[in-house]
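# A closer look at the structure
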Amino acid sequence: MAQPFDNPIPGRPLVESPFFEAALPGMRLDDEETRIARELHTLGFAVLDFPMQDFDATAERLKSDLAKTPELADMARIGPDTPVPASNRLANHTSNADVRRIAGNPRILEILSKIYGRRAFPFQTLNFGMGTQQHYHSDSVHFSSIPERFMVGVWVALEDIGPDQGPLIYYPGSHTWPILQSDDVGHSLTRGEGSGQAVFDRAWEALVAAENLKPVEFHPRKGQALIWAANLLHGGATHTDRTKSRWSQVTHYFFEDCAYYTPVFSNPRLGDVYFRNDVKDVSTGQPVPNKYMGRLLSEERTNTRRLNTSPVELARRALNRARHMLAARRG
Ligand SMILES: O=C(O)CCC(=O)C(=O)O
Ligand SMILES: [Fe+2]
């Protein structure tokens, strides 16, 4: 039996490690896990049938419940002659047992935990009724881990999805690029200044052009899922047929024994980290603590308001707030 790999860089997930091939025998993967690991390693994504026996019935029950929520209520009226619903997403609808069951699917957790080398847990779910039409991006600017790359998205189709339904798009291979931080793109944002993603768009567009990467569309059958690596560029294509829905659930996973933060509102290289103190396993409700190299990070250490934010940064934020208030008054 192969021994577990003696990893000289344990801060890199096994599946994204430069030592991936050497680590593989010690990971003790079955054929399906090996395929998924290889594809994630080389391409940054892997497609699989969602491992849930009653997925079909689950998806039907879930869609009918989602269409009763205020956020997605317009979806109940969609059809050949119906206009477009404006709303298209519902976050952390974990009062619904099916959302929790998809997020906490034991086989998905097993696969992710084995190929990353730390225990996976779902920290966020999003349910969509229509395509997001979101500009392509790396989720690593929105939520990331210390050490980095301990994050994945698992996107599953709750119905068949074709090219006119705003399918998911992605750029194979982009996961291996360096993870961009605020200082890379010359913007430092304060919480509340929007989602922040747009300040990275120019960099992503230039990288895609320089590498001549082409987007690939995911046209899944109901029940097919796509796993993406933390830094894979992905987004939503234009939803051209607005009389058709695009039902899906995406679950984002972190891994235990990491610290969790929001990069777009952080300047980590200055020690200014917007930690997330509210991370929990959304399938069980259990909080998950921030850890660094096996040590618990105290509440004090991860208190974003008081964290070792430099006086210059605090002054910059105060100025920014004043500028926003003035602008709001004028407007
Ligand atoms: O479903 C989509 O169109 C994109 C979703 C996405 O970017 C995400 O969940 O991280
Ligand atoms: Fe995303």
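Here the structure is shown first, and the text comes after it.
Residues numbered from 1 in each chain as written. Chains lettered and ligands numbered in written order. Predicted model: local features only at pLDDT ≥ 70, side-chain atom pairs only at ≥ 80, totals over all residues.

### Focus: the overall build of the chain
Stated precisely, the cut-off is as follows: Secondary structure elements follow DSSP: runs of H or I no shorter than four residues count as helices, runs of E no shorter than two count as strands, and numbering proceeds from the N terminus. The atom set for the radius of gyration is the C-alpha atoms, and the globule formula is 2.2 Å times the number of residues raised to the power 0.38. Each residue is classified by how many other C-beta atoms fall within 10 Å of its C-beta atom, where C-beta atoms are placed from the backbone; a count of 20 or more means buried, 12 or fewer means exposed, and values in between mean partly exposed. Whether two residues are in contact is decided by their C-beta atoms, placed from the backbone, lying within 7 Å.
Helices and strands together make up the secondary structure of the chain, namely 8 helices and 13 strands. Relative to its length of 331 residues, the chain is compact, with a C-alpha radius of gyration of 20 Å against a globular reference of 20 Å. Its C-alpha atoms give the chain principal-axis dimensions of roughly 70 × 55 × 45 Å. Looking at the 331 residues of the chain, the share that counts as buried comes to 37%. Contacts spanning at least 24 positions in sequence make up 80% of the contacts within the chain whose residues lie at least 6 apart.

### Concerning the sheet that holds strand E2 (residues 89-91)
Stated precisely, the cut-off is as follows: Only when DSSP finds a minimum of two bridges between them are two strands counted as paired. Angular values range over 0 to 180 degrees, each being the angle between N-to-C directions of two axes fitted as lines to C-alpha atoms, with helices fitted over their stretch in contact.
Overall, antiparallel pairing links the 6 strands, which are arranged E1-E8-E5-E10-E3-E2 in an open sheet. Single-partner strands in this sheet number two, and they are strand E1 (45-49) and E2. Neighbour to neighbour, the strand axes of the sheet diverge by 25° on average, direction disregarded. When strand E3 (residues 120-128) meets strand E10 (residues 248-255), the two strands line up antiparallel, connected through 8 bridges. The partner of Thr125 across the bridge, within E10, is Thr251. Here helix H2 (residues 31-43) sits on the sheet and contacts E1 and strand E8 (224-229); the angle it forms with E1, its principal contact strand, is near 150°.

### Some remarks on the sheet that holds strand E6 (residues 168-170)
Strand order in the open sheet formed by 3 strands is E7-E6-E9, with antiparallel pairing between adjacent strands. Two strands bound the open sheet, and with one partner strand each, they are strand E7 (216-217) and strand E9 (234-236). Bridge count for E6 against E7 is 2 bridges, and the pairing is antiparallel. Across the sheet, residue Tyr170 finds its bridge partner in E7, namely Val216.

### Structural notes on the pairing of E10
Along E10, 8 of the 8 residues are buried, which leaves the element largely enclosed by surrounding structure. Because side chains alternate across E10, one face comprises the buried residues Ser248, Val250, His252 and Phe254, and the other comprises Gln249, Thr251, Tyr253 and Phe255, equally buried. Pairing of strand E5 (residues 151-157) with E10, which is carried by 7 bridges, proceeds in the antiparallel orientation. Bridge pairing in E10 links Gly153 to His252.

### Points about helix H3 (residues 55-66)
Heads up, the condition is: Given a helix with a known number of residues, its expected span is that number minus one, times 1.5 Å. Working note: the arc is built from the helix axis to C-beta atom directions.
Between its first and last C-alpha, H3 extends 16 Å over 12 residues, near the 16 Å set by a 1.5 Å rise per residue. Taken together, the buried positions of H3 are Phe55, Ala59, Leu62, Lys63 and Leu66. For H3, the buried positions fall inside an angular range of 100° around the axis, keeping them on one side. Pointing more than 90 degrees away from the buried face of H3 are the exposed residues Ala57 and Ser64. Taken together, the buried residues of H3 touch E2, helix H4 (97-103) and E3.

### Some details on the packing of H2 against helix H5 (residues 106-116)
Quick reminder of the rule: Any angle from 65 to 115 degrees is called roughly perpendicular, while one under 35 is roughly parallel, one over 145 is roughly antiparallel, and all others are oblique. Here a crossing is taken to be left-handed if its near helix is turned anticlockwise relative to the far helix by less than a right angle, and right-handed if that turn runs clockwise. When residues are sorted by character, Ala, Val, Leu, Ile, Met, Phe, Trp, Tyr, Cys and Pro go into the nonpolar class, Asp, Glu, Lys and Arg into the charged class, and all the rest, Gly among them, into the polar class.
Where H2 meets H5, the axes come as close as 10 Å, and the angle between the chain directions of the two elements is 60°. When the axis of H2 is compared with that of H5, the two are oblique. The chirality of how H2 crosses H5 is right-handed. Contacts between H2 and H5 involve Glu33, Ile36, Ala37 and Leu40 from the former and Ile111, Lys114 and Ile115 from the latter. Residue classes in the contact of H2 with H5 are distributed as 5 nonpolar, no polar and 2 charged.

### Quick look at unusual backbone geometry
Geometrically, the link from Ile146 to Pro147 is a cis peptide bond, its omega value of -5° lying close to zero. Phi is positive for Arg28, which is not a glycine, with a value near 50°. With respect to the element layout, Arg28 can be found in the loop between helix H1 (20-27) and H2.

### Things to note about the environment of Gly117
Along the polypeptide, Gly117 turns up in the loop between H5 and E3. In this structure, the C-alpha to C-alpha distance between Gly117 and Arg295, residues 178 residues apart in sequence, is 17 Å. Ignoring sequence-local partners within four residues, the contact set of Gly117 consists of Pro13 and Leu14.

### Section: the nonpolar core
Defined as follows: Residues of type Ala, Val, Leu, Ile, Met, Phe, Trp, Tyr and Cys that are buried and joined through C-beta atoms within 7 Å form what is called a nonpolar core.
Membership of the largest hydrophobic core comes to 74 residues, with the highest contact counts inside it found for Ile227 and Phe254. Those residues within four positions of Phe254 in sequence are excluded, and the remaining contacts are Phe121, Phe123, Ser145, Phe150, Met151, Tyr260 and Val279.

### Remarks on the environment of Leu296
With respect to the helices and strands, Leu296 occurs in strand E13 (residues 295-296). For Leu296, a count of 12 C-beta atoms within 10 Å translates into the label exposed.

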